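# Structural characterization, general
Here are the chains, one letter per residue:
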Amino acid sequence: KKIILLSLLTFSLSSCETSVEAKKIGGEWLIEGSRLGKGYMIGDQKDSDLGKKFMDAYVNMDAQLMVDLSADIVKFHPADIGGVFDVDMTNTDFIVERQSNWDSISRDYIFIMPLNMEDSEGRLVTTAFTETRYIKDGSTETIIFYERLYIDEQDQIARVVQYSRPPNE
């Protein structure tokens, strides 16, 4: 009886699964004057969903939804001009003006990846996509973007950093 009981106990313990998920850290933040040496880890799906919702609002030309998902002031690093701009996102004026020459927009996403910075509250979504703009004069322009959306403590988009290049044609 002792052998059977001991065997059952051993089998029970060996079949228990422990679900411990260690956060793997990779990469390194290297901008001078910043928290040098901090790495990144995969963030939450909710951040990815927020980023996708924000980007889809842009594609759908839904400026009000973009305002709703943004901090009052968004730091904007546009791909088409140098500099960093404080954009007033308490109203739709900036988005409406930026899209005023377009009939519509389409995007083909390559990836959307939420990231967190090691030992920090820093959250961001990194994405790449091809964007086609259908201009009111009947022409189109296609651009490949790499974009980072930074998310603040209130779960709002607080910074947009863009890089772009023309597509291979």
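For the structure itself, look to the data block above.
These figures come from a predicted structure and were not determined experimentally. (Residues numbered from 1 in each chain as written. Predicted model: local features only at pLDDT ≥ 70, side-chain atom pairs only at ≥ 80, totals over all residues. Heavy atoms only, no water.)

### Observations concerning the sheet that holds strand β1 (residues 40–42)
We count it as follows: Pairing between strands requires that DSSP locate at least two bridges from one strand to the other. Under the DSSP-based scheme used, a helix requires at least four consecutive residues in state H or I and a strand at least two consecutive residues in state E, with every element numbered from the N terminus. The axes used here are C-alpha line fits, helices contributing only the stretch in contact, and every angle between their N-to-C directions lies in the interval 0 to 180 degrees. In what follows, a contact means two residues having at least one pair of non-hydrogen atoms within 4.5 Å.
Taken in spatial order, the 7 strands line up as β1-β4-β5-β6-β7-β2-β3 in an open sheet, and their pairing is mixed. Two strands lie at the open edges of the sheet, namely β1 and β3 (85–88), each paired on one side alone. Shown here is a sheet whose adjacent strand axes are inclined to one another by a mean of 35 degrees, direction ignored. Alignment of strand β2 (residues 70–77) against strand β7 (residues 157–165), held across 4 bridges, turns out to be parallel. Looking at the pairing, serine 70 lines up with isoleucine 157 of β7. Here helix α2 (residues 45–59) sits on the sheet in contact with β2, β4 (102–117), β5 (123–135), β6 (140–151) and β7, set at roughly 165 degrees to β4.

### Some points on the pattern of salt bridges
Rules: Basic side-chain nitrogens of Lys or Arg form a salt bridge, by our definition, when they fall within 4 Å of a carboxyl oxygen of Asp or Glu. Exposure categories follow from relative accessible area, calculated using a 1.4 Å probe and restricted to protein chains: below 20% of the type maximum is buried, above 50% is exposed, and the middle band is partly exposed.
If you walk through the whole model with that rule in mind, you get 8 salt bridges. Residue aspartate 80 is joined to arginine 98 by a salt bridge in which the shortest nitrogen-to-oxygen separation is 3.2 Å. Of this pair, aspartate 80 sits in the loop between β2 and β3 while arginine 98 sits in helix α4 (residues 93–98), placing them 18 residues apart in sequence. One salt bridge in this structure joins arginine 107 and glutamate 131, with 2.7 Å as the shortest N-O distance. Of this pair, arginine 107 sits in strand β4 while glutamate 131 is found in strand β5, placing the two residues 24 residues apart along the sequence. Summarising the burial analysis for this pair, arginine 107 and glutamate 131 share the class buried.

### Digging into α2
Stated precisely, the cut-off is as follows: Here the expected span of a helix is defined as 1.5 Å times the quantity of residues minus one.
Between its first and last C-alpha atoms α2 spans 21 Å; for 15 residues at 1.5 Å apiece the expected length is 21 Å, and the two agree. Those residues of α2 that sit buried are Asp47, Ser48, Leu50, Gly51, Phe54, Met55, Ala57, Tyr58 and Val59. Remark: methionine 61 follows α2 within two positions and exhibits a positive phi of approximately 55 degrees.

### Quick notes on the environment of glycine 43
With respect to the secondary-structure elements, glycine 43 resides in the loop between β1 and α2. Looking at glycine 43, the relative accessible area reads 12%, which means it is buried. In the structure, glycine 43 is positioned 81 residues away from leucine 124 in sequence and 8.0 Å away in space, judged by C-alpha atoms. Not counting the four nearest positions on each side in its chain, glycine 43 is found in contact with Pro114, Leu115 and Asn116.

### Some words on the environment of isoleucine 110
With respect to the secondary-structure elements, isoleucine 110 resides in strand β4. Looking at isoleucine 110, the relative accessible area reads 56%, which means it is exposed. In this structure the C-alpha to C-alpha distance between isoleucine 110 and alanine 128, which are 18 residues apart in sequence, comes to 5.3 Å. Discounting residues that sit within four places of it in the chain, isoleucine 110 has contacts with Ala128 and Phe129.

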